[in-house]
Amino acid sequence: MHWQNILILIASYFFYGWWSWKFMVLLALSTFLDYLYGFGVALQNRKRARLFLWLSVLNNLGILAVFKYYNFFALQFQQGLALLGLHTNVVLLQVAIPIGISFYTFHGMSYVFDIYRDKQKPVKNFIDYAVFVSFFPLLVAGPIERASHLLPQIRKKRFFNNIQAADGCRLILWGLFKKVVIADSLAVIVDNIFTHYHDQHASSLIVGAIAFSFQIYGDFSGYTDIALGTAKLFGFELLTNFKFPYFSRDIAEFWRRWHISLSSWFRDYLYIPLGGSKQGKLKAVRNTFIIFLVSGFWHGASWKYIAWGGIHACGFLPLLLLNRNRKHTSDVVAQERRLPSGRELAQMMVTFTFVTFAWVFFRAADMREAIGYLTSAVTNYKQPKDLLMCLSVCCYIIPLIGCDWWLRRDERSLKAPRRIKSVIYVVLALLVLFYFGKQTNFIYFQF
């Protein structure tokens, strides 16, 4: 038992307990049960092993169902009875959704699944396993780690590495830039547009949807970079979760670059067990819709998230039927060139337009607002244009696109002269301090 892991576990539970001691107790209970199920699943008797596997699935999905989805299903049941003329009052839970519940339950299930498939041995040291489940950089927004990748790093003794720590600090700084400077600034604009979409010109609504595409990317990938950078400071290398998704040339490539840990989790633990694409096109289509709909529902208990997943399934379907869903599996757009070809640029624009259209359902308060927003985007031409707002959005989006394009090939960032990189990091740090102070009213950062 390494003292490092004990300190990390204490920090993780302190971080989680800061939100609520009840959340901390739920995390501890879920962790302990999956730890025990792991030994049961490793039994030679496959019938008993399968029993413990299902206990783990029911335990984790039961936690999600109660805390995240119970109210949704209860309201749907009530509305269904109302359509039949039966009016009843359902009991709703007045509890907050535990922070990170979707992530640590998936950590536990993947661990048990891997043991059942003989890809992982049960961990005897409970502290090591608890660190894997509750590692604090991963608790809020992932990435969703695999036991086979993270547990070996937890179980070995780690030493401070200057190069790794420096890389971690750079990642944290870049993540803060995307989160604080880009995403949080765009959020103010996006909130205003979506709240008052009836009074916005069609062009402003289109720009608002584009702004949200970059807001959620800056928010989510920014946090992931902060998590990866923080983990490096502790000697861990986490899974990459984003690989410049808005440079994708089709929807299949987009999902190989966006929230990679989630899409690969559903592929390995849901799509392939259902038969994948090896049992004919009809079942492949069925399985594709299942994982996309489940993926949408995983993000939140609302029909708008299910619609968002269904839209992506429809975009993926033509590629699947034409056997083009694995066309872009490893190459990066404009691999050996500075600029994309006309064909590549058109493919990226079409893919980004489709993704942005789907993001409207993700961002809207509900289905009605999403449909109203899209309707207004093609009909509201009598409202005054807000050119200043459009210009403000461009000022945040263009630098992010430019930086991502420059960094899309890892080796390219290493070729920059040290002085230039130093200037870039100083500028990023100053921007983060300025915007962080501006949003939190720290007087020392007010300029």
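Residues numbered from 1 in each chain as written. Predicted model: local features only at pLDDT ≥ 70, side-chain atom pairs only at ≥ 80, totals over all residues. Heavy atoms only, no water.

Enquirer: Explain the overall build of the protein here, please?
Expert: Counting its secondary structure elements, the protein contains 17 helices and zero strands. Counting the 447 residues in the protein, one finds 51% classified as buried. Nonlocal contacts in the protein, meaning residues at least 24 apart in sequence, comprise 75% of its contacts between residues at least 6 apart. Of the roughly 23000 Å² that the protein leaves accessible, carbon and sulfur atoms contribute 67%. (Helix = DSSP H or I, 4+ residues; strand = E, 2+ residues; numbered from the N terminus. Buried < 20%, exposed > 50% of the residue type's maximum accessible area, 1.4 Å probe, protein only. Contact = heavy atoms within 4.5 Å. Areas by Shrake-Rupley, 256 points an atom, 1.4 Å probe, with all protein chains shown as cover.)

Enquirer: Looking at this structure, I do not really get the packing of aromatic side chains. What am I missing?
Expert: We describe a pair of aromatic rings using the distance from one ring centre to the other and the angle between the two ring planes. Applying the stated criterion across every chain yields a total of 49 aromatic pairs. Here the aromatic rings of Phe-212 and Trp-359 are separated by 6.1 Å at their centres, their planes lie at 85°, and the arrangement is edge-to-face. Remark: Trp-359 occurs in helix α13 (residues 342–363) and Phe-212 occurs in helix α8 (residues 202–233); sequence separation between them is 147 residues. An identical accessibility class is assigned to Phe-212 and Trp-359; each is buried. In this arrangement the basic side chain of Arg-46 is found over the ring face of Tyr-116, its NZ or CZ atom lying 4.3 Å from the centre. Lying over the aromatic face of Phe-194, Arg-363 brings its terminal NZ or CZ to 4.9 Å of the ring centre. (Phe/Tyr/Trp six-rings, centres within 6.5 Å; stacked < 30°, edge-to-face > 60°. Lys NZ or Arg CZ within 6 Å of the ring centre and 35° of its normal.)

Enquirer: What's the story with the packing of helix α7 (residues 162–195) against α8 in this structure? I'm lost.
Expert: Helix-helix packing: each pair is described by the crossing angle between the helix axes and the interaxial distance. Taken N-terminus to C-terminus, the directions of α7 and α8 make an angle of 155°; their axes are 6 Å apart at the nearest point. By the criterion of interaxial angle, the relationship of α7 to α8 is roughly antiparallel. In this structure, α7 crosses over α8, and the sense of that crossing is left-handed. Class assignment for the residues of the contact of α7 with α8 results in 20 nonpolar, eleven polar and six charged. (Axes fitted to C-alpha atoms, helices over the stretch in contact; angles between N-to-C directions. Parallel < 35°, antiparallel > 145°, perpendicular 65-115°, else oblique. Left-handed = near helix turned anticlockwise from the far one by under 90°. Nonpolar A, V, L, I, M, F, W, Y, C, P; charged D, E, K, R; others polar.)

Enquirer: Would you take a moment to explain the pattern of salt bridges for this structure?
Expert: Side-chain pairs of opposite charge can arise where the charged atoms are in close proximity. Applying the stated criterion to the full structure yields eleven salt bridges. Of the charged contacts, one joins Arg-170 and Asp-167 as a salt bridge, the two residues approaching to 2.4 Å between their closest N and O atoms. Taken as a pair, Arg-170 and Asp-167 lie in helix α7 at a separation of three residues, close to a single helical turn. A relative accessible area of 33% means that Arg-170 is categorised as partly exposed. For Asp-167, a relative accessible area of 29% gives the class partly exposed. We note a salt bridge from Asp-191 to Arg-363, for which the minimum N-O separation is 2.7 Å. On the criterion of sequence distance, the pair formed by Asp-191 in helix α7 and Arg-363 in helix α13 is long-range, its members being 172 residues apart. Taken together, the salt bridges that share partners define one network made up of Arg-249, Glu-253, Arg-257, Arg-337 and Glu-344. (Salt bridge = Lys/Arg side-chain N within 4 Å of Asp/Glu carboxyl O.)

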